[in-house]
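Each chain is listed here by its residues.
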Amino acid sequence: AVLGCQIGVEMSYIPGQPVTAVVQRVEIHKLRQGENLILGFSIGGGIDQDPSQNPFSEDKTDKGIYVTRVSEGGPAEIAGLQIGDKIMQVNGWDMTMVTHDQARKRLTKRSEEVVRLLVTRQSLQKAVQQSMLS
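- The name an unreviewed UniProt entry gives the chain is Tax1-binding protein 3, with Myotis lucifugus as the organism.
- Listed under Function (unreviewed entry) in UniProt, the entry text for the chain is "May regulate a number of protein-protein interactions by competing for PDZ domain binding sites."

Here it is, written out as C-alpha cells:
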C-alpha cells in the first residue's frame, strides 16, 4: 500500500493571534502492532496542564496540545509531523480547548486507522513572516 502524504499549506486566521498562522494538514496512517495501533508521537499540553511547563508554548499561557516527541521512522514522522507542532484539529475535532486526556483519547481511537491532523508550525510561521517582510 502506498501511503499518501498530502501536505497542503493553507493560510487561516486564528482569533486571538495577531499573526496569521500557517496551518498544515498531516495525515497519519496508524501502524498495526498486534492489538495496538501505533501513531509514533507523543503530546504535551491541555487545558488541565500548566502551560508554563510546556517548552513549545509561545507565550507560556497557551494551553494547546503540542507534539513533544516523534518516533524515528514511525507513522507520524513519515507523515511529516514535527516536534513543536501545535495540534489544532484531529479528524475534525477541535483540539484547542481539550484536556490532555481528551486529546490522547481522540488520537488513539481504535476505530480510526487514519488520523487527519490540522497543525500550526512555528518555523513555518516565521518563514512566512520573513517572506512577507522581504
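### Things to note about helix H2 (residues 100-107)
Item 1. Looking only at H2, the buried set comprises Ala103, Arg106 and Leu107. Looking straight down H2, one finds that the buried residues subtend no more than 95° of arc, so they occupy a single side.
Item 2. At its buried positions, H2 is contacted by strand S5 (41-45), strand S6 (65-70), strand S7 (86-90), strand S8 (93-94) and strand S9 (114-120).

### Examining the environment of Leu118
Item 1. Among the structural elements, Leu118 can be located in strand S9.
Item 2. Taking the C-alpha atoms as reference, Leu118 lies 9.8 Å from Trp93; in sequence the two are 25 residues apart.
Item 3. If we skip the residues at most four places from it in the chain, Leu118 touches Val23, Gln24, Arg25, Lys86, Ile87, Met88 and Gln89.

### Examining the layout of surface pockets
Item 1. Estimates place the volume of the second largest pocket at around 160 Å³.
Item 2. In this structure, the second largest pocket is lined by Leu37, Ile38, Leu39, Phe41, Ser42, Ile43, His100, Arg104, Leu107 and Thr108.
Item 3. Among the secondary structure elements, those contributing two or more residues to the lining of the second largest pocket are strand S4 (36-38), S5 and H2.
Item 4. In the lining of the second largest pocket, the residues fall into 6 nonpolar, 3 polar and 1 charged.

### Here we look at the side chain of Arg121
Item 1. Its place among the elements puts Arg121 in the loop between S9 and helix H3 (122-133).
Item 2. Within the structure, Arg121 has its side chain in polar contact with the side chain of Asp85 (distance 2.7 Å).
Item 3. Those residues in contact with Arg121, other than ones at most four positions away along the chain, are Val22, Gln24, Gly80, Leu81, Gln82 and Asp85.

### Considerations on the nonpolar core
Note that soluble globular proteins tend to have their nonpolar side chains buried in a common cluster.
Item 1. Counting residues in hydrophobic clusters, the biggest one holds 20 residues, and the most contacted among them are Ile28, Phe41, Leu81, Ile87, Leu107 and Leu117.
Item 2. Those residues in contact with Ile28, other than ones at most four positions away along the chain, are Leu39, Phe41, Pro75, Ala76, Ala79, Leu81, Glu113, Val114, Val115 and Leu117.

### A word on the pairing of S6
Item 1. Both S5 and S6 contribute to a ladder of 5 bridges, which runs antiparallel. Its bridge partner lying in S6, Gly44 is registered against Tyr66.
Item 2. Sheet analysis places S6 next to S7, joined by 2 bridges and oriented antiparallel. Looking at the pairing, Tyr66 lines up with Lys86 of S7.

The rules behind these values
The residue count restarts for each chain, going from 1 along the sequence in the order it is written. Since the coordinates come from a predicted model, pLDDT governs what is reported: local features require at least 70, and pairs of side-chain atoms require 80 or more to be given and counted, while whole-chain, interface and lining totals use all residues. Side-chain metrics rest on all non-hydrogen atoms present in the structure, leaving aside hydrogens and water. UniProt positions are given in the numbering used here, feature names are shortened, and annotations may be inferred rather than shown by experiment. In this scheme, a residue with accessible area under 20% of its type's maximum is buried, one over 50% is exposed, and one in between is partly exposed, where area comes from a 1.4 Å probe on protein chains only. In this text, helices come from DSSP runs of H or I with a minimum length of four residues, and strands from runs of E with a minimum of two, each type numbered from the N-terminal end. Directions drawn from the helix axis to the C-beta atoms are what define this arc. The criterion used for residue contact is that any of the two residues' heavy atoms lie within 4.5 Å. The method works on a 1 Å grid over the protein atoms by themselves. A cavity is a set of points holding a 1.4 Å probe that cannot get out, a pocket is an open set with protein on both sides within 12 Å along at least five of seven lines, and residues with an atom within 4 Å of a point line them. Grid points are joined across faces, edges and corners, and a volume is the space filled by probe spheres set on the points. All amino acids are sorted into three groups, where Ala, Val, Leu, Ile, Met, Phe, Trp, Tyr, Cys and Pro are nonpolar, Asp, Glu, Lys and Arg are charged, and the leftover types, Gly among them, are polar. N or O atoms closer than or at 3.5 Å make up a polar contact, with two conditions inside protein: a donor-capable atom paired with an acceptor-capable one, and, for residues adjacent in sequence, both atoms drawn from side chains. Within this scheme, the nonpolar core is defined by two criteria: the residues are buried Ala, Val, Leu, Ile, Met, Phe, Trp, Tyr or Cys, and they are joined through side-chain atoms within 4.5 Å. Only strands joined by at least two bridges in the DSSP assignment are considered to pair.

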